[in-house]
Amino acid sequence: MSPRSHRMAIVGTGGIAAAHAEAIRASAGRAHLVAAADVDIDRARTFAAAWDAPHAYASLTELLREEQVDLICLCTPPGQHAPLAAQCLRAGVTVLVEKPPTLSLAELDELAALERRSPGHVATVFQHRFGPAAVRLRRMVADGELGRPLLATCATQWYRDDAYFAVPWRGNWTTEGGGPTMGHGIHQFDLLFSVLGPWREVSALAARQARSTDTEDVSMALVTFENGAVATVVNSVVSPRQTSALRFDFERATVEVEHLYGYTDDDWTLTAAPGHEDVLARWTPGSGGAPSGHADQLAAVLDALDNGEPPPVTVEDARRTMEFIAALYASAFTGERVRSGQIGPDSPFWLRMNGTAAPWDKVNTQ
């Protein structure tokens, strides 16, 4: 018997919502969109009509009252993620939350506590984990085929002009949670962590170089991992030549990917160390295909729901990445190295990512 088709809804119908709707459409009947909700009801109705959803609502409250849904995609601005995800959990509904899942570790820990009391789950959108090449790389690492991981570099160097930050919630600690560390580079270093495993310590800096924002527009970090690997992480929104790049140096090979907003197998290369040319045959990439995106993750989420399992990426998985962000800011703003597990409820960086406040003047009066 084929798995049933899951009833889905999208809350927040701005730009990223279309990627979720397209993923649902690409699910080959495994899911269907039954409703959309937005505080701008006209926008919700336009979106619903464009994606063949029969119903549109002005709020999540109204949607949950009127619809029976299996999964909600939360695509609102970041400041609304935690309260709306909590509302889904209290209704017993599983929610797939766009990045960043919350504005702070405190909010994420609160969602984790709610999840333990709910039949629903919280999953975070980190779609680059699910492209075929990333899945293949993690399998080869787990099987020991590449040897020990030694060194990695991770760079998200993008360009966002002043007009981009004219949107009121952007560039503001209280509504966006952070700058490119929180909202842009998060996808690449989450993929880094999914390959290399738990990080142990971070030493970092952050700066506001060119944009009139309260948040940073550049950050850099040196990271050590529990397995002994070391890495650099760079996040920027002031880089005219845009790139998203990861490089992993293992004992037996270097594995690299460079793309912008989504990779295909063609964007990856593997270079064997002398004497280890046999790893080339085991890499066996496909050719082309769609860029890594929401459809890959939604397929994995639907697999989990069909099997009665928590969908990926779990709160515990997302917390490793969110804790790194908090640690990066803590290191940058205090000048100290920060270890994993060091930021708890007694730390200002647990309550908010800017913790003790950024070392530059505030420009946003909101």
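The paragraphs below set out a description of the structure included in this document.

Reading guide: rules and limits
- Residues numbered from 1 in each chain as written.
- Predicted model: local features only at pLDDT ≥ 70, side-chain atom pairs only at ≥ 80, totals over all residues.
- Heavy atoms only, no water.
- Pairing = 2+ DSSP bridges.
- Helix = DSSP H or I, 4+ residues; strand = E, 2+ residues; numbered from the N terminus.
- Axes fitted to C-alpha atoms, helices over the stretch in contact; angles between N-to-C directions.
- Buried < 20%, exposed > 50% of the residue type's maximum accessible area, 1.4 Å probe, protein only.
- Contact = heavy atoms within 4.5 Å.
- Core = buried A, V, L, I, M, F, W, Y, C linked by side-chain atoms within 4.5 Å.
- Disulfide = S-S within 2.5 Å.
- Parallel < 35°, antiparallel > 145°, perpendicular 65-115°, else oblique.
- Nonpolar A, V, L, I, M, F, W, Y, C, P; charged D, E, K, R; others polar.

**Some remarks on the sheet that holds strand 4 (residues 71–74)**
One key point about sheets: their strands pair by backbone hydrogen bonds, in either a parallel or an antiparallel sense.
Part 1: Reading across from one edge, 3-2-1-4-5-6 is the order of the six strands in this open sheet, with parallel pairing throughout. Strands at the two margins of the open sheet, each flanked by one partner only, are strand 3 (55–57) and strand 6 (122–124). On average, each strand axis in the sheet is inclined to that of its neighbour by 25 degrees, with strand direction left out of account.
Part 2: Summarising the sheet, strand 4 and strand 5 (residues 94–97) pair through four bridges and their orientation is parallel. Paired with L74 across the two strands is V97, which belongs to strand 5.

**Looking at the environment of P348**
Part 1: Within the fold, P348 resides in helix 12 (residues 348–351).
Part 2: Taking the relative accessible area as the measure of exposure, P348 reaches 28% and is therefore partly exposed.
Part 3: Separated by 107 residues in the primary sequence, P348 and R241 place their C-alpha atoms 35 Å from one another.
Part 4: Residue contacts for P348: discarding those within four places in its chain leaves G355 and T356.

**Focus: the nonpolar core**
Part 1: I72, L192 and F324 are the most contacted members of the largest nonpolar core, which has 86 residues in total.
Part 2: Counting residues per element, this core draws most heavily on helix 11 (residues 315–334), at twelve residues.
Part 3: With sequence-adjacent residues up to four places away left out, L192 is seen in contact with A152, C154, F225, A231, V233, L246 and F248.
Part 4: The next biggest cluster of nonpolar side chains, apart from the first, holds 22 residues, and it includes L33, A53, L71 and V125.

**Remarks on the state of the cysteines**
Part 1: Under the criterion given, the structure shown has zero disulfides.
Part 2: There is no disulfide at C75, and the cysteine sulfur nearest it, in C73, is 5.7 Å away.
Part 3: The buried category is assigned to C75, whose relative accessible area is 7%.

**Description of the environment of V301**
Part 1: Of note, V301 is situated in helix 10 (residues 294–306).
Part 2: Taking the C-alpha atoms as reference points, V301 and F189, 112 residues apart in sequence, are found 21 Å from one another.
Part 3: Setting aside residues no more than four positions away along its own chain, V301 makes contact with L71, L96, P311 and P312.

**Considering the packing of helix 4 (residues 81–90) against helix 5 (residues 105–116)**
Part 1: Interhelical geometry of helix 4 versus helix 5 gives an angle of 5 degrees and a closest axis separation of 10 Å. By the angle class used here, helix 4 and helix 5 are roughly parallel. On the side of helix 4, the interface is formed by A82, A85, A86, L89 and R90, while helix 5 contributes E107, L111, L114 and E115.
Part 2: Classifying every residue of the contact of helix 4 with helix 5 by side-chain character gives six nonpolar, no polar and three charged.

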